[in-house]
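# Descriptive structure summary
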Amino acid sequence: MIYGYLVVVLNVCFIVVVSSAFLNCKPGKKVNSCYCVAGRHSALEPRVGGAHTQSDSAVKPAITLSRGDPLTGPPVRTSMERLCIAVATCVLASASVKDEHFGNNPLQAHDWWGQYEEGIRHYSKEALNKEFPEKTRAASFSHPVFRCPDMSPSPSVPSSVEFVKAADIKVIAALGDSLTTAIGANATTVLGIPIEFRHVSWSIGGYGSFQHVITLANILKLFNPNLLGAAPGKTVHGMQAHISETGFNLAVTGHNTFHLPSQTRHLIDTLRGYEGLNFEKDWKLLTILMGMNDICDYCKDKALFSADNFIHYITVSLEMLMNEVKCKQIVFKDPVCPREFSVAAFGTHLPRVVLQVPRMIVNVVQILPMQTLREVQRPTPGCLLQRSFCPCLIEPAARSAELLELVEVNWEFQRRLELLLYSDRFFRDNFAVVLQPFLKHADPPRLPNGKIDMTFFTHDCFHFTIKGHEELAKGLWNNMFQPEGGKMTVSSFSDPVTLSCPPKEHPYIFTRPTAARAAQRPSRASVSLLLLAALRGFLFA
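Just so you know, these numbers come straight off a predicted model, no measurement behind them. (Residues numbered from 1 in each chain as written. Predicted model: local features only at pLDDT ≥ 70, side-chain atom pairs only at ≥ 80, totals over all residues. Heavy atoms only, no water.)

### Some points on the overall build of the chain
Each helix and strand counted, the chain has 17 helices and 8 strands in total. Evaluated residue by residue, the chain yields a buried proportion of 54% over its 541 residues. Accessible area for the chain stands at about 23900 Å²; split by element, carbon and sulfur atoms hold 58% of it. (Helix = DSSP H or I, 4+ residues; strand = E, 2+ residues; numbered from the N terminus. Buried < 20%, exposed > 50% of the residue type's maximum accessible area, 1.4 Å probe, protein only. Areas by Shrake-Rupley, 256 points an atom, 1.4 Å probe, with all protein chains shown as cover.)

Now the structure itself:
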């Protein structure tokens, strides 16, 4: 209680100190080297306009937190800029951001801000402001050009989910938690951890081009420069963000798997109402990675964060996406969406059929084996946040019953996800869910001496820097063009993943599961012929 009052008093003091700088502040106006924050603008920076991504030839967007953003210039930071970050951090950390379903109960929701606040209170002033340039990306950095023999789209828009090439993807989206929001991914100090660097996120970041940063979206932009949905900017956790900043990266830092259905509903509504997107005809690629926070919170509520609940909420979310497809496939004269279509139900008077196909491929990425993250430790203040963010993993003693139970639960999450998705349950002509397993056995990257390579991890020793995000992007891309049973898994990111081109003999994203291949379903054409034959026999009997 006393600590809570102290936080309020300190926040008031900070605000009083800088109030004169903000008296005439307007959104986007620069005051003493500090950008104002107001309304829905969700970063301490000028807004980045436009929700559409830029082509490879476009000028890099001016996305800066301050003049020290390593993507745009050398690290020069004034005292006013430091104070701006500190004020924003204190105000946000003390703010009560309620979860839409579970309120502020720490046993029911992943209280990210509370954990961050608890972690940084142990830091000295010097530790809070210490910079780590090795964890950031220099402005001069450039990747070699990546080209494939065939980068063209299909001659016509494919109607089957089995024949979708990379260049056929028109829309990209992502759901998940802080790994997808890319929290702290290019932060220079611990105070930058709350910044969500969505524009460099492994699965959907749209910063610059492939040569600036490797993300799944930037790879796809090489094949289709007009890709829609890549995240163009940064946000700050806990502050409202506009789609012009997030793109279709609708992941939320701190979310557990029980939040996934609400994220899914938000995505469906967003895609349906987005101007310039053809919901029925455009092929859409969605990537989902969820579950790590459930492991981190498992000891707080073993029922809520059980493997059963993990699979339940994953299933509910995927069925929401698939049922959205099914309910738009056939529209009858009366507003119903039947489960089956039978001649017996309608006799010889068949109603007019209108096809509306949402066309979606969903990558569900297998969760990490998290035990090895306990090794990501250093005698630096930043690693205090690791204990704060993931106490159920970090706090148990080595070889303790609590730790062994958590490792077993982590493995059960992986096993149950395979059991759910290595089937044809979520496979349709125009919709497919594919489990991408490249992270299943991943070990943290190590130096030649066997120690953890800390340049892959942010200041909290828990999330990935841009360097880590790029390896995730390459692993996901390669998995997409490998068949089930032949997909690579990464044993360690110590050796960089080599980016592959789609194979010449099968230039399409692999979507058909082994279960569907083993029991080939009749094609739509064969079903139509059978139906006509049955009608003919009925009419002329």
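### Some points on the packing of aromatic side chains
Enumeration according to the criterion identifies 8 aromatic pairs in this entry. Where F223 meets W477, the ring centres are 5.3 Å apart and the plane angle is 40 degrees; that geometry is what we call tilted. In this pair, F223 is assigned in helix α6 (residues 216-223) and W477 in helix α15 (residues 466-480), connecting sequence segments 254 residues apart. Neither residue differs from the other here; F223 and W477 are each classed as buried. Joined through ring pairs, the aromatic side chains of F223, W477 and F481 make up one cluster. Sitting over the face of the ring of F279, K284 holds its NZ or CZ atom 5.1 Å from the ring centroid. (Phe/Tyr/Trp six-rings, centres within 6.5 Å; stacked < 30°, edge-to-face > 60°. Lys NZ or Arg CZ within 6 Å of the ring centre and 35° of its normal.)

### So, the state of the cysteines
Under the definition given, this model contains 3 disulfides. Shown here is the disulfide that connects C296 with C390, its sulfur atoms set 2.0 Å apart. A torsion of -95 degrees about the S-S bond marks the disulfide between C296 and C390 as left-handed. A residue pair is termed long-range when its members are at least 10 positions apart, and C296 in helix α9 (residues 292-296) and C390 in the loop between α12 (384-389) and α13 (391-394) qualify at 94 residues. Exposure class is identical for C296 and C390. Each is buried. (Disulfide = S-S within 2.5 Å.)

### Some details on the pattern of salt bridges
Enumeration over the complete set of coordinates arrives at 15 salt bridges. In this structure, the salt-bridge partner of R512 is E162, at a minimum N-O distance of 2.8 Å. Separated by 350 residues along the polypeptide, R512 in the loop between α15 and α16 (514-518) and E162 in the loop between α4 (125-129) and β3 (169-176) bring together distant segments of the chain. In this structure R512 comes out as buried when scored by relative accessible area, which is 17%. Taking the relative accessible area as the measure of exposure, E162 reaches 22% and is therefore partly exposed. R265 is the partner of D269 in a salt bridge, and the nearest nitrogen-oxygen pair spans 3.1 Å. Of this pair, D269 and R265 both sit in helix α8 (residues 260-273), 4 residues apart, roughly one helical turn. Of the residues examined, R265 reaches a relative accessible area of 33% and is grouped as partly exposed. Overlapping salt bridges bring together D308, E412, R415 and R416 as one network. (Salt bridge = Lys/Arg side-chain N within 4 Å of Asp/Glu carboxyl O.)

### Things to note about the sheet that holds strand β6 (residues 283-289)
Pairing within the open sheet is parallel, and its 4 strands lie in the order β3-β6-β7-β8. What marks the edges here is a single partner per strand, and that holds for β3 and β8 (431-436). On average, each strand axis in the sheet is inclined to that of its neighbour by 20 degrees, with strand direction left out of account. Judged from the 7 bridges that link them, β3 and β6 form a sheet pairing that is parallel. Across the sheet, the residue bridging to I172 is L285, located in β6. Contacts from helix α14 (residues 401-421) reach β7 (360-365) and β8 within the one sheet, and its direction differs from that of β8 by about 150 degrees. (Pairing = 2+ DSSP bridges. Axes fitted to C-alpha atoms, helices over the stretch in contact; angles between N-to-C directions. Contact = heavy atoms within 4.5 Å.)

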